[in-house]
Amino acid sequence: MAELVFFSGTMDCGKSTLALQMDYNHSARGRGGILFSRNDRAGESMISSRLGLQTPAVEVRDDTDFWAEVLRCRATGHNVDYLICDEAQFYSAAQVEQLAAIVDEMDIDVFAFGITSDFRTRLFPGSQRLVELADRMEVLQVRALCWCGRRATHNARTVDGVMVTEGDQVVVGDVESRTPAPAPAAEAELPLFADEPLFEDRPLFDDQPLFDADDLLAPGAAGSPAGTSAEAAPVIGYETLCRRHYMRRVTAQQAAALADPAESASVCCVESKAETP
C-alpha cells in the first residue's frame, strides 16, 4: 500500500544523501520513479549531497503540477511507482496536497525530504502541510552538530557571522565555509536568556538591531556616508545550532571571538559564582 512519508531534520543531517540512496534502492529492484527538487545547492534540476553525489531531477516551480508530471511520464511509456521529493519545505501547501492525492488515487509512494522549520523556528508552509498529511514522519538519525558539540536542533541564518532573526524566509546563502569551533571556553558571562520573550510575532527577539544597516551597503550604494568607502556586500550564511546557543544567538564565529583561554568553564555550562564579601 502506497505511503506519503516525510523525512525531516536540520541542515547537514543527510536528507539529500538518503533521498539519492532511496532512489537507488528502489530503481535497483526494477521500480520506476521521478525525482523532484527545488533550490538545490548545485543549481536547478538537480539533487545533490554534501558528500559529492548528485543526480538530475525535475525542478519544482510555483506552477508545478505533480499530478500532470506523473501523467506526462506515464504517457511516454515509463512506469511511475514512486516519487522522490527533495527540498520539500519549499513546496506550496497545495503541491503537498497533490502529492497526498497521488498516493491515495494512483497508489504511488511519495518520499519527501526537507527541513521542518526556518531560521526563525517557524514552520515552512510545505513542511507544515506534510506534518499534517503524511502517513508517517521520520526524523533522520544522523545528528547535525552545533559548534559546541551538542546535537543541533535549530537552523540559524547569519550575516557576516552574526545571527539574524528577521528577513525573507528563503534566501540563498553559504553553508560550506564555516568558522572553526573554538576550544572549550566561557561565553563571556552571556545571559542565559534575553530580557524580552523570544517568540512574539513582532519583534522576534528585541527591538535593537543586530548590526548597523549602513555597514551592509555595497560600495557606492545610496545611503553610504559621503567621503567614506563602503564595506563589501554582507555574507549571508547558515549554520546549525543547539537550542541553547540558538536562544543565546551565539554562532561559531561569535564563540571564537569570545573564547578566552583563561576561562575553564564549558561553553555549555552555567556556573554560579560565589559572592565576594
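Before reading on, note that the structure itself is shown above.
Summary of the structure given here. (Residues numbered from 1 in each chain as written. Predicted model: local features only at pLDDT ≥ 70, side-chain atom pairs only at ≥ 80, totals over all residues. Heavy atoms only, no water.)

## A few points about the overall build of the protein
Of regular secondary structure, the protein possesses six helices and 11 strands. Here the protein holds 277 residues, and 40% of them are scored as buried. Of the contacts formed within the protein by residues at least 6 apart in sequence, a portion of 76% connects residues at least 24 apart. A total of about 15300 Å² of accessible surface is found on the protein, and carbon and sulfur atoms cover 51% of it. (Helix = DSSP H or I, 4+ residues; strand = E, 2+ residues; numbered from the N terminus. Buried < 20%, exposed > 50% of the residue type's maximum accessible area, 1.4 Å probe, protein only. Contact = heavy atoms within 4.5 Å. Areas by Shrake-Rupley, 256 points an atom, 1.4 Å probe, with all protein chains shown as cover.)

## Section: the environment of H154
Locating H154 in the fold gives a position in strand 9 (residues 154–159). Relative accessible area serves as the criterion here: at 16%, H154 is assigned to the buried category. Here the alpha-carbon distance between H154 and D118, two residues 36 residues apart in the chain, equals 8.2 Å. When neighbours within four sequence positions are excluded, H154 is seen to be in contact with T10, T121, E239, T240, L241, C242, R243 and Y246. Reaching out from H154, the side chain makes a polar contact with the side chain of T153 at a distance of 2.7 Å. (Polar contact = N/O pair within 3.5 Å; in protein donor to acceptor, adjacent residues only side chain to side chain.)

## Quick notes on the sheet that holds strand 10 (residues 162–164)
Backbone-to-backbone hydrogen bonds join strands into a sheet, with any given pair of strands oriented parallel or antiparallel. The strand order 10-9-11 describes an open sheet built from three strands, whose pairing is antiparallel. Strands at the two margins of the open sheet, each flanked by one partner only, are strand 10 and strand 11 (236–241). Each neighbouring strand pair of the sheet contributes to a mean axis angle of 50°, computed without reference to strand direction. Taken together, the six bridges between strand 9 and strand 11 define a ladder with antiparallel strand orientation. Paired with H154 across the bridge in strand 11 is L241. (Pairing = 2+ DSSP bridges. Axes fitted to C-alpha atoms, helices over the stretch in contact; angles between N-to-C directions.)

## Some points on the nonpolar core
Residues F36, V70, L83, C85 and Y91 are the most contacted members of the largest nonpolar core, which totals 25 residues. Elements with a minimum of two residues in this core: strand 1 (4–8), strand 2 (33–37), helix 2 (66–75), strand 6 (82–85), helix 3 (93–106) and strand 7 (109–114). With six residues, the single largest contributor to this core is helix 3. Setting aside its immediate chain neighbours within four residues, V70 contacts I34, V80, L83, I102, M106 and I108. Counting residues in hydrophobic clusters, the runner-up holds 14 residues, among them C13, I47, Y82 and F113. (Core = buried A, V, L, I, M, F, W, Y, C linked by side-chain atoms within 4.5 Å.)

## Structural notes on the sheet that holds strand 2
With respect to topology, six strands assemble into an open sheet ordered 5-2-6-7-1-8, the strand pairing being parallel. The sheet is open, and its two borders are formed by strand 5 (58–59) and strand 8 (136–139), each paired with just one other strand. Against the sheet, helix 4 (residues 125–133) contacts strand 1, strand 7 and strand 8, and its axis sits at roughly 130° relative to strand 1.

## Quick notes on the packing of helix 3 against helix 4
Two elements in contact, helix 3 and helix 4, have axes whose closest approach is 8 Å; the angle formed by their N-to-C orientations is 35°. For the crossing formed where helix 3 meets helix 4, the hand is right-handed. Note on element contacts: helix 4 touches helix 3 through G126, R129, L130 and L133, opposite A93, V96, E97 and A100. Considering only residue class, the contact of helix 3 with helix 4 consists of five nonpolar, one polar and two charged. (Left-handed = near helix turned anticlockwise from the far one by under 90°. Nonpolar A, V, L, I, M, F, W, Y, C, P; charged D, E, K, R; others polar.)

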